[in-house]
Amino acid sequence: MPDQKQSKAIPTDEQLMQRIQQGQESAFNALYDRYSQRMYRYFYRMLGQSAEMAHDFTQELFLKIIEQPEAFDTGRRFSTWFYAVAGNLVKNEYRRKAKQPLQASLHDANHTPVSTAVLPDLDAEVRKTYIEKAVQSLRPHHRECFLLRYQEGLTVQEISEIVDCPPGTVKSRLHYSLKKLNELLSCVLGPNA
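Reading the values: the criteria
- Residues numbered from 1 in each chain as written.
- Predicted model: local features only at pLDDT ≥ 70, side-chain atom pairs only at ≥ 80, totals over all residues.
- Heavy atoms only, no water.
- Helix = DSSP H or I, 4+ residues; strand = E, 2+ residues; numbered from the N terminus.
- Phe/Tyr/Trp six-rings, centres within 6.5 Å; stacked < 30°, edge-to-face > 60°.
- Buried < 20%, exposed > 50% of the residue type's maximum accessible area, 1.4 Å probe, protein only.

Overview of unusual backbone geometry
Phase 1: Within the chain, Gln49 stands out as a residue other than glycine whose phi angle is a positive 60°.
Phase 2: Take Gln49: it is sitting in the loop between helix H3 (25–46) and helix H4 (51–67).
Phase 3: In the Ramachandran plot, Asp164 falls in the positive-phi region, its phi being about 55° despite a non-glycine side chain.
Phase 4: As for its position among the elements, Asp164 is in the loop between helix H8 (156–163) and helix H9 (167–189).

A short note on the packing of aromatic side chains
Phase 1: Applying the stated criterion across every chain, the model contains 16 aromatic pairs.
Phase 2: Arranged with centres 5.0 Å apart and planes meeting at 45°, the rings of Phe146 and Tyr150 form a pair that is tilted. Pair noted here: Phe146 and Tyr150 are both in helix H7 (residues 140–150), with a separation of 4 residues, about one helical turn.
Phase 3: Here Tyr150 falls in the partly exposed class, since its relative accessible area comes to 46%.
Phase 4: A connected cluster of aromatic rings, assembled from ring pairs, spans Phe28, Tyr32, Tyr35, Phe62, Phe72, Phe78, Trp81 and Phe82.

Nothing here speaks to function; it is geometry throughout.
Right under this line is the structure:
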């Protein structure tokens, strides 16, 4: 009986990576099914809400697994390693675009951030759009920490490993992000809001 139970158990991400390293295509497919949508969302939010870029970066990320599965140390946690690789792709893109001008002012018509907490009667899609624009207005390293924590639900320690900085710095970035979003809301809605 114990053998049947083990054979029906869903393999962990780390076990799937071991199997990928052994050349099992089905293991890659399983890992892709688990992470492709999550990573697409991550890239979408980190790269200016470009569906095309999110798709391309998601494919590039998974291509790294195909081309170099041995790059993953199976003694580590897969999700932490995977987000670190994704974060490096984003950082490289930021560096590539560093010479381009920054986005327009945070308060122009296309970048007006608003929170769902203060506009309860707006349509859900409109609120979602405002929140996404507000998050996009954050500095890249603050946005990355914010999304990893509040979109992906990772712990401060996991984020610390992914972005390669101390947990205190992650906490500071999260605090700054929340403070900045609140400031933007006050600006938009006025001091009496």
